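Each chain, letter by letter, is given below.
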Amino acid sequence: MDALDLFVNVEEPSESGIYWKRKTDSSEILYQNEDKCHTVKPNRITSALSGLQSLGWSETLKKSSWRAAAVVLGLLCLLLLIGLITLASLYNKDSSKWEMEMVQLQTSYKNLTKEKDQLQTSYNNLTKEKDQLQTSYNNLTKEQDQLQTSYRNLTEEQDQLQKRFEDTTNERNDLKRRDALFSQGWVSFRNHFYYISSGKKSWQQSRNDCLQKGADLVIINSHEEQEFTRTFKQLIWIGLTDMEREGKWKWVDGTPLTTSYWSSHEPNGVPGRDEDCAEIKNYDLEKSWNDESCHLERFWICEKILS
Ligand code: MAN
Ligand code: CA
């Protein structure tokens, strides 16, 4: 009888004891429940029982030890199987988890790659824009420098023009004043203007007239001026007096007399005549001056210096 054969326990009551039905085909083969059946697994206990009855004590012990060992081995196999199943399930669980993580990581990687590409594009665009701005800035700086230079040049030109305008204006005003002076009877000599009176007055009245004209009596401090005063061939008051302190001759602007053109024996200060004012008297000579009484009436010369 094969141990893997399928047995159907019919356990039908029978007068001759329990018997087994083997299901192999449609025909039934019956076996008697005899001592041979103890090797069949489902029938072990029955066999063991019958064995104890039929074998000796040591033989019985040996057999039960083997059975116990087999049971333990079976249990160990079972435990091993359970362990393997657990490991497999754990492995499956871990591997599916790992796969999921892998998928997630791949997705993340793809997304990150996409983002990286976008950022790279943005970066490239920004770099391009930056370069354009840099170029613009450089051009503007260049233009600014040119404008600055132009501005400086224009400012310089403006200053020059301003100065020229002022000079021209001053010149024009001077010319106007000269024209006015000439029309009023003044003559010019080296930027100095002289007014020669047409009438006669005392020294003080003569001086007052000059002051009224924005001038003063003539001060002679050059050879040319001395010559000029002689050309009129008249007795003429000049701006020289010692009325403040006898013998100390001063010009009307307060400066002391240095270069003089006194006639010989002058100034003599004729006693009783109070000769405190100077005049052109001996006009035919270079040394033409005389000290004279101030109340006498003479022609006079005013002098004005245009600045
Ligand atoms: C007159 C006056 C004097 C002068 C003498 C010179 O008397 O003019 O001031 O000194 O002449 O002779
Ligand atoms: Ca005199």
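Residues numbered from 1 in each chain as written. Chains lettered and ligands numbered in written order. Predicted model: local features only at pLDDT ≥ 70, side-chain atom pairs only at ≥ 80, totals over all residues. Heavy atoms only, no water.

**Details of the nonpolar core**
Our working rule: Think of a nonpolar core as a cluster: buried Ala, Val, Leu, Ile, Met, Phe, Trp, Tyr and Cys residues, connected wherever their side-chain atoms sit within 4.5 Å. Categorising residues by exposure relies on relative accessible area from a 1.4 Å probe, with only protein chains included: less than 20% of the type maximum marks a residue as buried, more than 50% marks it as exposed, and the intermediate range marks it as partly exposed. Helix numbering and strand numbering both begin at the N terminus, where a helix is a DSSP run of H or I of at least 4 residues and a strand a DSSP run of E of at least 2. Residues are treated as being in contact if the distance between any of their heavy atoms lies within 4.5 Å.
Of all hydrophobic cores here, the largest spans 32 residues; its most connected members are Ile 220, Ile 238, Leu 240 and Trp 289. Listing elements by their share of this core, those giving two or more residues are strand S5 (192-196), helix H3 (203-212), strand S7 (236-241), strand S9 (277-280) and strand S11 (299-305). Setting aside its immediate chain neighbours within four residues, Leu 240 contacts Trp 203, Trp 249, Lys 250, Trp 251, Leu 257, Trp 262, Asp 276, Cys 277, Ala 278 and Trp 289.

**Quick notes on the site of ligand 1**
Here is the rule: Being near a molecule or strand, for a residue, comes down to having at least one heavy atom within 4 Å of it. Pairing of N or O atoms within 3.5 Å defines a polar contact, subject to two protein rules: one partner must be a possible hydrogen donor and the other a possible acceptor, and residues neighboring in sequence count only if both atoms are side-chain atoms. In these tables, accessible area is a Shrake-Rupley quantity obtained with a 1.4 Å probe, and a residue counts as shielded only by the protein chains included in the view. Any residue outside Ala, Val, Leu, Ile, Met, Phe, Trp, Tyr, Cys, Pro, Asp, Glu, Lys and Arg is labelled polar, Gly included; the first ten of those are nonpolar and the last four are charged.
Taken together, Glu 266, Asn 268, Val 270, Arg 273, Glu 275, Lys 281, Asn 290, Asp 291 and Glu 292 form the complete shell of residues around ligand 1. Residue Glu 266 places a side-chain N or O atom 2.6 Å away from an oxygen atom belonging to ligand 1. At 2.7 Å, a side-chain N or O of Asn 268 approaches an oxygen atom of ligand 1. The fraction of the free accessible surface of ligand 1 (300 Å²) that becomes covered by protein chains is 62%. Looking at side-chain class alone, the shell around ligand 1 contains one nonpolar, two polar and six charged residues.

**A look at the coordination of the calcium ion (ligand 2)**
Put simply, the rule reads: The rule for donors is simple: an N, O or S atom within 2.8 Å of the metal counts, and for Na, K and Ca the reach is 3.2 Å. Water is not among the atoms, so a site may look short of donors.
Around the calcium ion (ligand 2), the protein contributes the donor atoms Glu 266 (OE), Asn 268 (OD1), Glu 275 (OE), Asn 290 (OD1), Asp 291 (O) and Asp 291 (OD), which lie 2.2 to 2.8 Å from the metal centre. Coordination of the calcium ion (ligand 2) draws on donor residues from a single chain, spaced E-x1-N-x6-E-x14-N-D in sequence. One end of the pair, Asn 268, is in the loop between strand S8 (250-251) and S9; the other, Asn 290, is in strand S10 (residues 289-292), with 22 residues separating them in the sequence. Asn 268 sits in the partly exposed class, given a relative accessible area of 38%. Relative accessible area serves as the criterion here: at 4%, Asn 290 is assigned to the buried category.

**Considerations on the UniProt feature "transmembrane region" (unreviewed entry) in the chain**
Where we set the bar: UniProt positions are given in the numbering used here, feature names are shortened, and annotations may be inferred rather than shown by experiment.
Summarizing the sequence annotation, UniProt attributes the feature "transmembrane region" (unreviewed entry) to residues 68-91 in the numbering used throughout. Secondary structure across residues 68-91 divides into 100% helix and 0% strand, with the first and last C-alpha atoms of the span separated by 34 Å.

**What to know about the confidence of the model for the chain**
Filter applied, for reference: Confidence scores labelled pLDDT are given residue by residue by the predictor and lie between 0 and 100.
When pLDDT is averaged across the chain, the result is 85; 81% of the residues are at 70 or more. Across residues 1-45 the pLDDT falls below 50, and counting only partners more than four positions away or on other chains, this stretch makes 40 contacts in the model.

**Notes on the packing of aromatic side chains**
To describe a pair of aromatic rings, one takes the distance between the centres and the angle between the planes. Defined as follows: Pairing of aromatic side chains here covers Phe, Tyr and the six-membered ring of Trp, requires ring centres within 6.5 Å, and sorts the geometry by plane angle: under 30 degrees stacked, over 60 edge-to-face, intermediate tilted.
The tally for this structure, following the rule as stated, stands at nine aromatic pairs. When the centroid spacing of 6.3 Å and the interplanar angle of 5° are considered together, the rings of Phe 189 and Phe 228 count as stacked. In this pair, Phe 189 sits in strand S4 (residues 186-189) while Phe 228 sits in helix H4 (residues 223-230), placing the two residues 39 residues apart along the sequence. Under the relative-accessibility criterion, Phe 228 is labelled buried at 16%. Plain terms: the ring middles of Tyr 261 and Trp 289 are 5.6 Å apart, the flat faces sit at 70° to each other, and that makes the pair edge-to-face. Within this pair, whereas Tyr 261 is found in the loop between S8 and S9, its partner Trp 289 is found in strand S10, the two being separated by 28 residues in sequence.

**Focus on the pattern of salt bridges**
Close approach of charged atoms lets side chains of opposite charge pair. The criterion, for reference: One side-chain nitrogen of Lys or Arg within 4 Å of one carboxyl oxygen of Asp or Glu is enough to make a salt bridge.
Under the counting rule described, the total for this entry stands at 11 salt bridges. Between Asp 216 and Arg 207 there is a salt bridge; the shortest N-O distance is 2.9 Å. Two residues, Glu 279 and Arg 298, come together in a salt bridge whose shortest N-O distance is 2.5 Å. Taken together, the residues Glu 279 in strand S9 and Arg 298 in the loop between S10 and S11 connect sequence positions 19 residues apart. Just as Glu 279 is buried, Arg 298 falls in that class too. Taken together, the shared-partner salt bridges connect Arg 273, Glu 275, Glu 279, Glu 292 and Arg 298 into one network.

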